[in-house]
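A structural walkthrough
So you can see what is in the structure, the chains are spelled out below.
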Amino acid sequence: MRLDSLPPILHSLWRSFRVALGLLTLLPAGDLSGATPAERRQSLYLLPLIGLVIGILLWFAWFMLPRSPWLAAMVVLVIWVVLTGALHLDGLADSMDAWMGGHRDPNRTLYILRDPTCGPMAIVALILALGLKLVSLGTLFQADAAIFLPAVPVIGRVGIIILYGTTPYVRPGGLGEALRPEAQDRYWLFSSLAGSLVVMVLFLGFVLVAALVAAAVAFVLVRWAAMVRLRGFTGDVAGAMIELVETAALLVIALVVAM
């Protein structure tokens, strides 16, 4: 069956899925120039599904690799970075530089967020985030608990839904502005959030509950810092939030399975 023959709502969802895929991954998504503003906004609700695609690909990579936990951890981490185009790591680096160099000045903070160069804090943040992910992946694979891995990218992108639903976007024309929901979109936004959380908890149980608590703490801290400094967030802050939430969730999962 041709995609053009799908009912309009399914065709629109498919285009929105491709928008989300093309916006936040390097996976092929086709020509997105014809996507409407509504389809771009609708792609926000599908971000947990994009996270699931990433998570399944990471799990499949682990499944195909030799059973050497630390070698597999390194390869899976590289694939993780490549799949996302290091976009969220770039946001984390920019955010750390901006928070330290902005001197509590919102305008200076926004200026540094636009600066493509990396300072010492950016480098330290990247080393710590990637190091924690690597050690957590190695621990997870050593415990033969890779089944939990697909949930981690989903949790990070659930955080994006909450961020857009609760926090003003403060950079007009920024990359993330296309995803900003309108008032009439809120029902679908929170439906997507609730559905994602329920499915994850039902399938992964206590371990995931512990990961969600850690992710929630990381999310609250990032949002609090963004509101204090910027009275909102930017695309870089959203990228930093994904990285920090993913790292917190993966670390707690590794700690639980290692007990």
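Rules and cut-offs
Residues numbered from 1 in each chain as written. Predicted model: local features only at pLDDT ≥ 70, side-chain atom pairs only at ≥ 80, totals over all residues. Heavy atoms only, no water. Helix = DSSP H or I, 4+ residues; strand = E, 2+ residues; numbered from the N terminus. Contact = heavy atoms within 4.5 Å. Areas by Shrake-Rupley, 256 points an atom, 1.4 Å probe, with all protein chains shown as cover. Core = buried A, V, L, I, M, F, W, Y, C linked by side-chain atoms within 4.5 Å. Buried < 20%, exposed > 50% of the residue type's maximum accessible area, 1.4 Å probe, protein only. Salt bridge = Lys/Arg side-chain N within 4 Å of Asp/Glu carboxyl O. Axes fitted to C-alpha atoms, helices over the stretch in contact; angles between N-to-C directions. Parallel < 35°, antiparallel > 145°, perpendicular 65-115°, else oblique. Left-handed = near helix turned anticlockwise from the far one by under 90°. Nonpolar A, V, L, I, M, F, W, Y, C, P; charged D, E, K, R; others polar. Patch = residues over 30% accessible without salt bridge, like charges linked within 9 Å, V, L, I, M, F, W, Y side chains within 5 Å. pLDDT = per-residue confidence, 0-100.

**Describing the overall build of the protein chain**
If you tally the helices and strands in the protein chain, you get ten helices and zero strands. Counting helices and strands in the order they occur from the N terminus, the protein chain gives α-α-α-α-α-α-α-α-α-α. Long-range pairs, those at least 24 residues apart, make up 77% of the contacts in the protein chain with a sequence separation of at least 6. On the protein chain, roughly 12,500 Å² of surface is accessible, and the fraction owed to carbon and sulfur atoms is 72%.

**Structural notes on the nonpolar core**
Counting residues in each nonpolar core, the largest one holds 63 residues, and the members touching the most others are Val76, Leu137, Phe141 and Leu149. Elements with a contribution of two residues or more to this core: helix H1 (8–24), helix H3 (47–64), helix H4 (69–83), helix H6 (106–114), helix H7 (120–142), helix H8 (151–166), helix H9 (186–230) and helix H10 (235–258). Per-element accounting of this core gives the leading share, twelve residues, to H9. Apart from the residues within four sequence positions on either side, Val76 is in contact with Leu58, Ala61, Trp62, Leu65, Leu137, Phe141 and Leu149.

**Description of the environment of Asp236**
Along the chain, Asp236 turns up in helix H10. On the basis of relative accessibility, which here comes to 12%, the residue Asp236 falls in the buried class. For the pair Asp236 and Gly91, spaced 145 residues apart in sequence, the C-alpha separation works out to 3.9 Å. When neighbours within four sequence positions are excluded, Asp236 is seen to be in contact with Asp90, Gly91, Leu92, Asp94, Ser95, Leu113 and Arg171.

**Description of the pattern of salt bridges**
Two side chains bearing opposite charge may form a pair once their charged atoms approach each other closely. For the coordinates displayed, the defined rule picks out three salt bridges. Between Lys133 and Glu243 there is a salt bridge whose closest N-O contact spans 3.1 Å. Taken together, the residues span a long stretch of sequence, with Lys133 in helix H7 and Glu243 in helix H10 at a distance of 110 residues. Each member of the pair, Lys133 as well as Glu243, carries the same accessibility label: buried.

**Side note on the packing of H4 against H7**
Two elements in contact, H4 and H7, have axes whose closest approach is 8 Å; the angle formed by their N-to-C orientations is 130°. Compared by their axis directions, H4 and H7 come out oblique. Handedness of the H4/H7 crossing: right-handed. Here Pro69, Trp70, Ala72, Ala73, Met74, Val76, Leu77, Trp80 and Val81 of H4 come into contact with H7, specifically with Leu130, Lys133, Leu134, Val135, Leu137, Gly138, Thr139, Phe141 and Gln142. Of the residues that constitute the contact of H4 with H7, the class distribution is 14 nonpolar, three polar and one charged.

**Details of a nonpolar patch on the surface**
On the surface, a cluster of nonpolar side chains totalling about 490 Å² of accessible area is made up of Phe206, Val209, Val213, Val217 and Leu221. Its place among the elements puts Val213 in helix H9.

**What to know about the confidence of the model for the protein chain**
With 79% of its residues at a pLDDT of 70 or more, the protein chain shows a mean pLDDT of 81. Mean pLDDT values over the elements of the protein chain span from 72, in H6, up to 94, in H4.

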